[in-house]
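Chain by chain, the residues run as shown.
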Amino acid sequence: MIYIHVPFCVRKCHYCAFNSKVGGAAERAAYVEALIREINLRGDGSTVETIYMGGGTPTTLELEQLERIICAVAENFNVSTCAEVTIEANPGTVDTAYLRGLRALGVNRLSLGVQSFDDGLLKTLGRVHDSKTAIETVEAAKNFFDNVSTDLMYGLPGQTLENVRRDLEQVKALDVAHVSMYGLEVEEGTRFYDMGVTIDENLCADMYDLITTTLPAQGYRRYEISNFAKAGFESRHNVGYWTGKLYWGLGAGAHGFDGKLRTSNVRDVAAYISGAAPVLEEVVTRQAAMEEFCFLGLRMTDGISAQVFHKKFGASIFDVFGDVIDKNQRLGLLEVDGDRIRLTARGMALGNAVFADFLL
C-alpha cells in the first residue's frame, strides 16, 4: 500500500487539523519535484495493491503534475494491474475535463469531501463549495467512476437532526458506492478551537443513531465505525490500515510502516521541499504491535480473529488481553463469537473507551 500526501488546499477549513495549507503555483511545483525525488529514492520494486492520494486537496495539482507522480510510482514499484487507486477531491476543484483526465491516469476511486449538503453549514465549515456544486460534482464523477465515495460530517455547530436526515436522503438520491460519516472533533490549532466551538454530545448521539440505522436501510453495509459501503465497494486501502498491512508514506508528514519500523516525514512543507529533514523512525515493539492489532481491527464490524492473533504473535489473545476482553464483555461493549471478537452495537458508539483499554 502507498499513501501519498498532497498538503495544498484552496482554503483552510475551520475544523481542519490535517497537515494542509494554501500554496501558490510555484510551491506546488516544487513540492511535486520533491515528492518525485522521494519516490525515486525510496521505491524498491515492492508490489503495491492500493494507492491513496490524500491531503489537503490533491486535485489542486494540475493533471500533468499528478501524471508525473503516478508515473514515478509505476516506475519504482510493482503496481498490481487490479490496484485500487484513490484520489481525494473537493467539489469545485474538478470539472468534467479534469475527471476524465483522472480516469485516464488510472485513478479508479474518487473520494469527495462533501461534508454537508446544507449551504449554511458549508459556510460555517469554511468550505469553498455550495450544495449545488457538491451534487453536480458527484453526478459528474459517476460518469467516469463506478467507485465514488462521499465524506459527510455530523455534530456541526448549528446542525440539526433534520439536516442530517436530509443529507442521508441526498446520499440515497445520488446513489454513491461508499459513504464516510465523521463526527466533528474540535482540535487544537483549528479555527473552531480558537472560536471555542463545543459539541452537544447528546445531539451527536441522536445523529449517530439516525446515521447507523438509515444507511444500512439504504443498502450501505457498515463495515467500520465511520464507513458504509455497497457490497464490494469497501475501501481496500483503509481496510489495509485496520488489518495491519504494511504501507509506504510519501510526502510531507506522511507515515509509513514496514512491520517493524514506523516512519514519519517532516511535516513542514518548505523543509520537505528542501530535502533537509530525514525520515524519523520508531521501532514498533511486539507489545505495541499486539495492541494495534486489537484496537485497529476492532474498528471494523467483523472484529478481530483470535486465531490470526495467535499465528501473528505466537500467543493467545485471551492470555494477553483476557482481563480487557472480560471487562468489556461485562459492560456490553465486546462480544466473543467463536474465533471472532468484535464490538457490540453499543461498543461501536463507545469505541474509544474500549480501544484505550487495550493500551496496557
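Small disclaimer: the values here were computed from a predicted structure and weren't measured.

**Student:** Requested: an account of the environment of Tyr 241, with residues and values cited.
**Tutor:** Along the chain, the position of Tyr 241 falls in helix 9 (residues 236-242). Along the primary structure Tyr 241 and Met 1 are separated by 240 residues, whereas in three dimensions their C-alpha atoms are 9.0 Å apart. If we skip the residues at most four places from it in the chain, Tyr 241 touches Met 1, Tyr 3, Tyr 247 and Leu 296.

**Student:** Outline helix 2 (residues 63-76), supporting the account with residue identities and numerical values.
**Tutor:** The terminal C-alpha atoms of helix 2, which comprises 14 residues, lie 20 Å apart, in line with the 20 Å expected from a rise of 1.5 Å per residue. Turning to helix 2, its buried residues number three or more, namely Gln 65, Leu 66, Ile 69, Ala 72, Val 73 and Asn 76. Take helix 2 and look down its axis: the buried residues cluster within an arc of 125°, on one side only. Those residues of helix 2 hidden inside the fold are in contact with strand 1 (2-6), helix 1 (25-42), strand 4 (47-55), strand 5 (78-89) and helix 3 (96-104).

**Student:** Give a description of the packing of helix 11 (residues 286-297) against helix 12 (residues 306-313) that names residues and reports values.
**Tutor:** Running from N to C, helix 11 and helix 12 point in directions that differ by 160°, and their axes come no closer than 11 Å. By the angle between their axes, helix 11 is roughly antiparallel relative to helix 12. As helix 11 packs across helix 12, the resulting crossing turns out to be right-handed. Packed against helix 11, whose contacting residues are Arg 286, Ala 289, Met 290, Phe 293 and Cys 294, the element helix 12 presents Val 308, Phe 309, Lys 312 and Phe 313 at the interface. Across the contact of helix 11 with helix 12, the residue classes tally to 7 nonpolar, no polar and 2 charged.

**Student:** How would you sum up the environment of Gly 259? Please name residues and give values.
**Tutor:** Along the chain, Gly 259 falls in the loop between strand 12 (255-257) and strand 13 (261-264). In sequence terms Gly 259 and Lys 245 are 14 residues apart; their C-alpha atoms lie 8.0 Å from each other.

**Student:** Summarise the pattern of salt bridges; cite the residues concerned and give the values.
**Tutor:** In the structure shown here, the tally under the stated rule is 15 salt bridges. Where Arg 166 meets Glu 162, a salt bridge forms, and the shortest distance between an N and an O atom there is 3.7 Å. With a gap of 4 residues between them, Arg 166 and Glu 162 both fall in helix 6 (residues 161-174), about one helical turn apart. For Arg 166, a relative accessible area of 41% translates into the label partly exposed. Judged by relative accessible area, Glu 162 falls into the partly exposed class, the value being 35%. The partner of Arg 299 in a salt bridge is Glu 224, and the shortest N-O contact between them spans 2.6 Å. In this pair, Arg 299 sits in the loop between helix 11 and strand 15 (304-305) while Glu 224 sits in strand 9 (residues 221-224), placing the two residues 75 residues apart along the sequence. The partly exposed category is assigned to Arg 299, whose relative accessible area is 23%. Assessed through its relative accessible area of 0%, Glu 224 is described here as buried. One salt-bridge network, in which partners are shared between bridges, spans Glu 162, Arg 165 and Arg 166.

**Student:** I'd like to hear about helix 1, residue by residue, with values.
**Tutor:** With 18 residues, helix 1 extends 26 Å from end C-alpha to end C-alpha; this agrees with the ideal 26 Å at 1.5 Å per step. The inward-facing, buried residues of helix 1 contact strand 1, strand 2 (8-9), helix 2, strand 11 (248-250) and helix 10 (269-274).

**Student:** Could you give an account of unusual backbone geometry, naming the residues involved and the relevant values?
**Tutor:** The step from Gly 55 to Gly 56 runs through a cis peptide bond, and the omega angle for that step is 15°. The phi torsion at Gln 115 lies on the positive side, around 75°, for a residue other than glycine. Relative to the helices and strands, Gln 115 is located in strand 6 (residues 109-115). If you check the backbone angles, Asp 175 has positive phi at about 55° while not being a glycine. Topologically, Asp 175 is positioned in the loop between helix 6 and strand 8 (178-183).

**Student:** Tell me about the sheet that holds strand 10 (residues 227-229), residues and numbers included.
**Tutor:** As summarised here, the arrangement of the 9 strands in space is 9-10-8-7-6-5-4-1-11, forming an open sheet in which the pairing is mixed. On the outer flanks of this sheet lie strand 9 and strand 11, each paired with one strand and no other. On average, each strand axis in the sheet is inclined to that of its neighbour by 20°, with strand direction left out of account. Pairing of strand 6 with strand 7 (residues 147-154) involves 6 bridges; the strand directions are parallel. Paired with Ser 111 across the bridge in strand 7 is Ser 149. Its contacts with the sheet put helix 1 on strand 1 and strand 11, and the angle it makes with strand 11 is roughly 150°.

The rules we used
Residues numbered from 1 in each chain as written. Predicted model: local features only at pLDDT ≥ 70, side-chain atom pairs only at ≥ 80, totals over all residues. Heavy atoms only, no water. Helix = DSSP H or I, 4+ residues; strand = E, 2+ residues; numbered from the N terminus. Contact = heavy atoms within 4.5 Å. Expected span 1.5 Å × (residues − 1). Buried < 20%, exposed > 50% of the residue type's maximum accessible area, 1.4 Å probe, protein only. Arc of directions from axis to C-beta. Axes fitted to C-alpha atoms, helices over the stretch in contact; angles between N-to-C directions. Parallel < 35°, antiparallel > 145°, perpendicular 65-115°, else oblique. Left-handed = near helix turned anticlockwise from the far one by under 90°. Nonpolar A, V, L, I, M, F, W, Y, C, P; charged D, E, K, R; others polar. Salt bridge = Lys/Arg side-chain N within 4 Å of Asp/Glu carboxyl O. Pairing = 2+ DSSP bridges.

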